[in-house]
Amino acid sequence: MPFSTIRRHKLPASSPIYACAHGHRCDTDLPKAHSHAKVSKAMITEYLPIIAGIAEMAVAIYRKRQRDAAQGDDDIRQRHDLAVESVATNDARDPRDILVPVVDTWVETSQTASIGGLDISGGLFYSDEVQEIDLENGYLPWLCSDRTDAVIGDDLLFRYFWGLERRVLIDGPRRNMSPRDLEPCRREVLRLRQCYSMRTAFVRAAKQFACMSWILSHNIQLSTAAPNPIDRDFCDEACRDLLRWRIAHFAVQFRPIPPIILWAWYDSHPDYGLPESVKSHFDDCYRNFERDFAKSFPQGLRTKPSHRTLAIIYHSTNPQLGALAYDIAGGYDAFDQTRVLTEIEPLIRRSESLLSRCPATR
């Protein structure tokens, strides 16, 4: 029952509730004890629609709060997607051109900072970006804790993440910091991604950061670079830059490309892409593909680098950073080449057909 209907619902003058509402004594107008059962049944029948309407209102309010919380997460993701679409390569900035303060206010993991009467251990933030007013919004107490509280808002979670992002992507190149110095920041983002795995927008940003930080930590000549651990996480769109880096890595050395990278390359290429039926049964289909690939290409598949230099554009969710351009030493982009993908396409189609024949997956 809508709330307006409840408000218009008139109570009979004989009702005890009506009497109490108008200042009359409720007990004197009640029937005698021997008829209490009949009165109670009548009251239940009379007010049941009102009780049902109140319950319906409570459910509607709860669902609205859930939708509002989900909408906030979607808004962050949509703003990030729009930023990715609207920023062209020519608009991206070189992080080495971004000025950094002369005094480094970064708090290391071994240091303790005193702010607002609280001692914050664990570091991994800029001391000048935390103020006493953060006692009120909960950010300062969260920093003093183990930083796993599930009720922290997305705005504060991203605020902390942006500090880690700035340390690795801006301070790292500007201050010539070694990968070892930046490793605590990378580990912290991976930890946050596990703690807040239900925050879709944050997980997406954390994935992109993990890929970019890996690339920067191995930003040396691709001919001597070590392979990186790649799994199905790096097969999605948020990790496409790392995939391009890996393809360039094998192209420069003219080495056989692992099946998992070919699989991810096929799925990420705008002219190809895995069918939804294959994605929904990733493990089964990939096992079929990997087995057929070993039989069809015992020597593996190789590709040559193109003449286009590999440049990675990182789109930060922080509006103050925007798009950042990183040139990869000795890298030549091979992502848009399709010869290799054409050769593996029959194997992917076959893995899909084998899936349809399996009764367990129908």
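As the structure is a computational prediction, the values presented were derived from the model and not from experiment. (Residues numbered from 1 in each chain as written. Predicted model: local features only at pLDDT ≥ 70, side-chain atom pairs only at ≥ 80, totals over all residues. Heavy atoms only, no water.)

A. Structural view of empty space enclosed by the protein. Tallied over the full model, the rule gives 3 cavities of 30 Å³ or more. Of the volumes computed, that of the largest cavity is approximately 50 Å³. In terms of lining residues, the largest cavity is bounded by Leu 124, Phe 125, Tyr 126, Glu 129, Val 130, Tyr 139, Arg 159, Tyr 160 and Gly 163. Those elements that place two or more of their residues in the lining of the largest cavity are β4 (125–126) and α6 (154–174). A total of 3 residues in the lining of the largest cavity trace back to one element, the largest contributor, which is α6. (1 Å grid on protein atoms, 1.4 Å probe; cavity = no way out; pocket = protein on both sides within 12 Å on 5 of 7 lines; lining within 4 Å. Points joined across faces, edges and corners; volume = space filled by probe spheres on them. Helix = DSSP H or I, 4+ residues; strand = E, 2+ residues; numbered from the N terminus.)

B. View of the nonpolar core. Counting 50 residues, the largest nonpolar core has Trp 142 and Leu 169 as its most contacted members. Core analysis: the second largest hydrophobic core is formed by 28 residues, Leu 262, Trp 265, Tyr 286 and Leu 347 among them. (Core = buried A, V, L, I, M, F, W, Y, C linked by side-chain atoms within 4.5 Å. Buried < 20%, exposed > 50% of the residue type's maximum accessible area, 1.4 Å probe, protein only.)

C. Local environment of the pairing of strand β3 (residues 118–121). As paired elements, strand β2 (residues 112–115) and β3 share 4 bridges and run antiparallel to each other. In the sheet register, Ala 113 faces β3, and the bridge partner there is Ile 120. As consecutive antiparallel partners, β2 and β3 are separated by 2 residues, and within that stretch Gly 116 has a phi angle of approximately 60°, a positive value. (Pairing = 2+ DSSP bridges.)

D. Main features of the pattern of salt bridges. Tallied over the full model, the rule gives 13 salt bridges. Between Arg 159 and Asp 134 there is a salt bridge; the shortest N-O distance is 2.8 Å. In this pair, Arg 159 sits in helix α6 while Asp 134 sits in helix α4 (residues 134–137), placing the two residues 25 residues apart along the sequence. The class for Asp 134 is buried, based on a relative accessible area of 3%. Between Arg 349 and Glu 345 there is a salt bridge, and its shortest N-O distance comes to 3.7 Å. Of this pair, Arg 349 and Glu 345 are both found in helix α13 (residues 339–357), 4 residues apart, which corresponds to roughly one turn of the helix. Each of the salt bridges in this network shares a partner with another, and the network as a whole consists of Asp 104, Glu 108, Arg 167, Asp 171 and Arg 175. (Salt bridge = Lys/Arg side-chain N within 4 Å of Asp/Glu carboxyl O.)

E. Fine view of unusual backbone geometry. For Leu 124, which is not a glycine, the phi torsion comes out positive at approximately 70°. Counting through the fold element by element, Leu 124 comes out in the loop between β3 and β4. For Asn 176, which is not glycine, the phi dihedral falls at a positive 55°. Summarising the element assignment, Asn 176 is placed in the loop between α6 and α7 (179–195).

F. Local environment of the packing of aromatic side chains. Applying the stated rule across the entire model yields 14 aromatic pairs. Between Trp 142 and Tyr 160, the ring centres sit 5.0 Å apart and the planes meet at 80°, which makes this aromatic pair edge-to-face. Residue Trp 142 is found in helix α5 (residues 139–144), and its partner Tyr 160 is found in helix α6; the two are separated by 18 residues along the sequence. You'll find Trp 142 and Tyr 160 in the same group, each marked buried. For the ring pair Phe 158 and Phe 202, a centre distance of 5.8 Å and an interplane angle of 85° mean the geometry is edge-to-face. (Phe/Tyr/Trp six-rings, centres within 6.5 Å; stacked < 30°, edge-to-face > 60°.)

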